Amino acid sequence: MKRLGGLALLSALLIVAFATSCARTVNQSDQDKQEERKALPATVVPVTTRTIVDYAELTGRAAAVESVEVRAQVSGYLESINFKAGTFVHRGDVLFTLDSRVYKAVLAQRESEVAATSADLKRLEADLTRQQGLVERNATSRAQYELALAERDQRAAELESARASVDRARIDLDYASVKSPIDGEVGRELITVGNLVSSGSTLLTRIVSVDPIHIFFDVDERALLAFRKRLATGDDLEVKYAIGDGEFENVAKVDFSEPRMNETTGTLEFRAVAENKLNENGFRALVPGLRLRVLFPTSGEYEAAIVPEEAVVTDQNVKRVYVLTPGNGVESRVVELGPLQEDNMRAILSGVKAGEKVIVDNLLRIRPDSLIDPIEAPAESSTRIIREDGTVVNVDGTKEYDGLYEWSLEEAKEGAKEGETDQGDGDQGDVEAETKADAA
């Protein structure tokens, strides 16, 4: 009986200890949940609407409106180069000078031939006048008169030929000074002074026009149909273009498209004309041959919700935003993205509506059951790019580092590792508990 009473007492003590442990575990769990529910500070911005146009981003290339290979039209030794490579030249500027002594001598010879022929023509005209008087008085034969007339006409034709030779000699002499045929930027000289220049074959330099400039780009069939629809409105079609990684701040007007599509690529080539003035630094933005990014309009104007680009979270192939709920909670919304705007605002076709508020930072720390301490911000993008290493590229192009963002990323990685470790520890704890129960 005493042994049974001792066992009962031991059982009662074990029950009390187990209950106390469970209570502590419940209290600790509640405390952990309260800590997890602690409000997380985050910036929120309101969803607005904007009238936008859909664009297809294409690759374009700049090309000169005029491009000339400069060659001499007469032969001769090069005497001088009269330009600086890479500078702007005007039509008619003398670029090269050839040895012109031969051409000057030929011109003088041709001019003397004109003078001699002209003097002989005057003599024959006087003789013809005298023969005409004799014929009227029947003092000479008609044959003599006709012979004088023929000699006069022949000499007049020879004078015209001599004058044409003078014009040709003058032109050759003028060609000894090689001039720019267009306005544009001249390349480097491809031959040096003292070399023999052959007529029509020796390439001297190249010149390209720089303002205005052409932009060529290829449009696929889908975008082409939208273009044809826009043409029906009678509006001039304009495209936006960007240089390198820059913004789409420039506009060019489409003035031509090929009459048939490229059967190999399934595209149609378009050409647009853009201004290319000198900037404040003395340079032109576009250079013939430069690759460009072109925005080609593929829709008419329509209203769409707008949020900052940094509010969009990528979950594999799904795009999401975190919406602030009335109780400062978080709701994850799947959204359909529209085009990215010039100010780094993203059009949202579905998933949010105007008036709602979306979260734009601390996105890696937010969970579906998080509480948010909202920090109100205007409906605009504060950054251009936020990279995983914490680099932030601001609107003005300056760069900085977001330590909180970088820390949040590392915390997420560490949290994932800890979760795996905790799961492993939990399995081990279950095994140990089962072992103790078997032993008891």
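The structure this text deals with has already been given above.
Residues numbered from 1 in each chain as written. Predicted model: local features only at pLDDT ≥ 70, side-chain atom pairs only at ≥ 80, totals over all residues. Heavy atoms only, no water.

### A look at unusual backbone geometry
What is expected of a backbone is that most residues other than glycine have negative phi and most peptide bonds are trans.
And step 1. A cis amide bond, omega 0 degrees, links Asp211 with the succeeding residue Pro212.
And step 2. With respect to the secondary-structure elements, Pro212 resides in the loop between β11 (203-208) and β12 (213-220). (Helix = DSSP H or I, 4+ residues; strand = E, 2+ residues; numbered from the N terminus.)

### A look at the nonpolar core
And step 1. By size, the foremost hydrophobic cluster in this structure holds 22 residues, and its most contacted members are Ile215, Phe217, Val219, Val239, Tyr241, Phe270 and Phe296.
And step 2. Mapped onto this core, the elements with two or more residues apiece are β3 (55-64), β12, α4 (221-231), β13 (238-243), β14 (250-257), β15 (267-274) and β16 (291-297).
And step 3. Setting aside residues up to four positions removed in sequence, Phe270 forms contacts with Ile215, Phe216, Phe217, Val219, Leu224, Phe227, Val254, Phe256, Ser257 and Phe296.
And step 4. By size, the runner-up hydrophobic cluster in this structure holds 19 residues, among which are Val68, Val70, Val74 and Ile182. (Core = buried A, V, L, I, M, F, W, Y, C linked by side-chain atoms within 4.5 Å. Buried < 20%, exposed > 50% of the residue type's maximum accessible area, 1.4 Å probe, protein only. Contact = heavy atoms within 4.5 Å.)

### As for the sheet that holds β12
And step 1. One closed barrel holds the six strands; their spatial order is β3-β12-β15-β14-β13-β16, and the pairing between them is antiparallel. The average undirected angle you get between the axes of adjacent strands in this sheet is 40 degrees.
And step 2. Of the strand pairs in this sheet, β13 and β16 are connected by four bridges, and their pairing is antiparallel. Bridging across to β16, Tyr241 finds its partner in Val294. (Pairing = 2+ DSSP bridges. Axes fitted to C-alpha atoms, helices over the stretch in contact; angles between N-to-C directions.)

### Brief notes about the packing of aromatic side chains
And step 1. Applying the stated criterion across every chain yields a total of four aromatic pairs.
And step 2. Residues Phe217 and Phe270 carry aromatic rings whose centres are separated by 5.9 Å and whose planes lie at 10 degrees to one another, so their mutual orientation is stacked. In this pair, Phe217 is assigned in strand β12 and Phe270 in strand β15, connecting sequence segments 53 residues apart.
And step 3. With relative accessibility at 0%, the residue Phe217 sits in the buried group.
And step 4. A relative accessible area of 0% places Phe270 in the buried class.
And step 5. Among the aromatic residues, ring-to-ring pairing joins Phe217, Phe270 and Phe296 into one connected group. (Phe/Tyr/Trp six-rings, centres within 6.5 Å; stacked < 30°, edge-to-face > 60°.)

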